[in-house]
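Remarks on the overall topology
The chain contents come next:
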Amino acid sequence: MMRALALILLAGPAAAGTFTPPQGCTAHLTVQTRSCVVEHLWTCAADAPGLQWRGEIDQRGLVYVGQIDAEAQWVQSFFLTSGERESLITPATDPASLSGLLQSGLDTYDFSLDTAEGTHRVVGFDRIAERNVMIDGERLHRTEYSIRKTDADGAMIYEAEGSEFVSETHGRFFSGTGDVTRPDTTFSYDSRPVDFIYPGQKGFLSDTPLFGCDALAASFVSE
């Protein structure tokens, strides 16, 4: 994947204001969110079935690239502003299961990630709180979640709780709202999706976030 990630960073846009997925990959959805972030989803022909990618673009450009599997497990994550990366250690103690969540309404998980700082542990749950929520014509299920991430010594990296959205159509989660606690700070976020844009529709593969940017800029001025 490092080669594919390099292709994203080096290829440049196909046209002004347009994101380009790696060679051999096909984008299938663009999502504009409330948090001044536009997301792009794509799959690659060389990947195993069920694997899919997501990239996040904010006002600085591409800031995150992540891969999940058919159960929406975090397989790989690349944080481009910090240079950090994470990869799933298998087998997991309690693997995340999208199919289990959709069937029973509750999924717990307990897994570990390989990082440059050592092994990080992630423990939490997702619960479906409301089914068949419609956003921009997209049928989603609203979830409630709680998550805690710790380092190799058991010290908290962050913990969070809030609400997200899960899509049976796309086999993945979309962000929502939540409260996050880190050792030195706490904050709330609202990254709910606003627009779902498909190939052929205006705004597909746009590299410009449209919503929440003015509010984000105002918050920086006030701090």
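Okay, so let's go over this structure.

Looking at the side chain of Thr-33
Tracing the chain through its elements places Thr-33 in strand 1 (residues 25–33). Among the residues examined, Thr-33 registers a relative accessible area of 3% and is labelled buried. A polar contact of 3.0 Å, which involves the side chain of Thr-33, links it to the side chain of Ser-35. At 2.9 Å, the side chain of Thr-33 forms a polar contact with the backbone oxygen of Val-37. Discounting chain neighbours no more than four positions away, the residues touching Thr-33 are Glu-39, Ser-191, Arg-192, Pro-193, Val-194 and Phe-211.

Re the nonpolar core
Grouped together as the largest cluster of nonpolar side chains are 14 residues, with contacts concentrated most on Phe-19, Trp-42 and Trp-53. The dominant element in this core, judged by the number of residues it contributes, is strand 2 (residues 38–44), at three residues. Counting residues in each nonpolar core, the second largest holds 12 residues, with Leu-88, Tyr-109, Leu-113 and Val-122 among its members.

Structural notes on the pattern of salt bridges
Tallied over the full model, the rule gives 10 salt bridges. Across the pair Arg-54 and Glu-39 runs a salt bridge whose closest N-O atoms are separated by 3.4 Å. One end of the pair, Arg-54, is in strand 3 (residues 52–58); the other, Glu-39, is in strand 2, with 15 residues separating them in the sequence. Looking at Glu-39, the relative accessible area reads 7%, which means it is buried. Glu-168 is paired through a salt bridge with Arg-139; the nearest N and O atoms lie 3.7 Å apart. With Glu-168 in the loop between strand 10 (156–167) and strand 11 (172–182) and Arg-139 in strand 9 (residues 138–150), this pair connects stretches of sequence that are 29 residues apart. For Arg-139, a relative accessible area of 40% corresponds to the partly exposed category.

Structural notes on the pairing of strand 7 (residues 106–115)
Looking along a regular strand, one sees the side chains alternate between the two faces of the sheet. Bridge count between strand 6 (residues 84–94) and strand 7: five bridges; the pairing is antiparallel. The partner of Leu-88 across the bridge, within strand 7, is Leu-113. Bridge count for strand 7 against strand 8 (residues 118–135) is 10 bridges, and the pairing is antiparallel. Within strand 8, the position partnered with Asp-107 by the bridge is Asp-126. Where strand 7 hands over to strand 8, the hairpin turn is made up of two residues, counted between the paired strands.

Looking at unusual backbone geometry
In this model, Thr-90 is joined to Pro-91 through a cis peptide bond whose omega is -5°. Even without glycine at this site, Ala-72 takes up a positive phi of about 65°. For Ala-72, the position within the fold is in the loop between strand 4 (61–68) and strand 5 (74–79). Owing to a relative accessible area of 9%, Ala-72 belongs among the buried residues under this scheme.

Calculation rules
- Residues numbered from 1 in each chain as written.
- Predicted model: local features only at pLDDT ≥ 70, side-chain atom pairs only at ≥ 80, totals over all residues.
- Heavy atoms only, no water.
- Helix = DSSP H or I, 4+ residues; strand = E, 2+ residues; numbered from the N terminus.
- Buried < 20%, exposed > 50% of the residue type's maximum accessible area, 1.4 Å probe, protein only.
- Polar contact = N/O pair within 3.5 Å; in protein donor to acceptor, adjacent residues only side chain to side chain.
- Contact = heavy atoms within 4.5 Å.
- Core = buried A, V, L, I, M, F, W, Y, C linked by side-chain atoms within 4.5 Å.
- Salt bridge = Lys/Arg side-chain N within 4 Å of Asp/Glu carboxyl O.
- Pairing = 2+ DSSP bridges.

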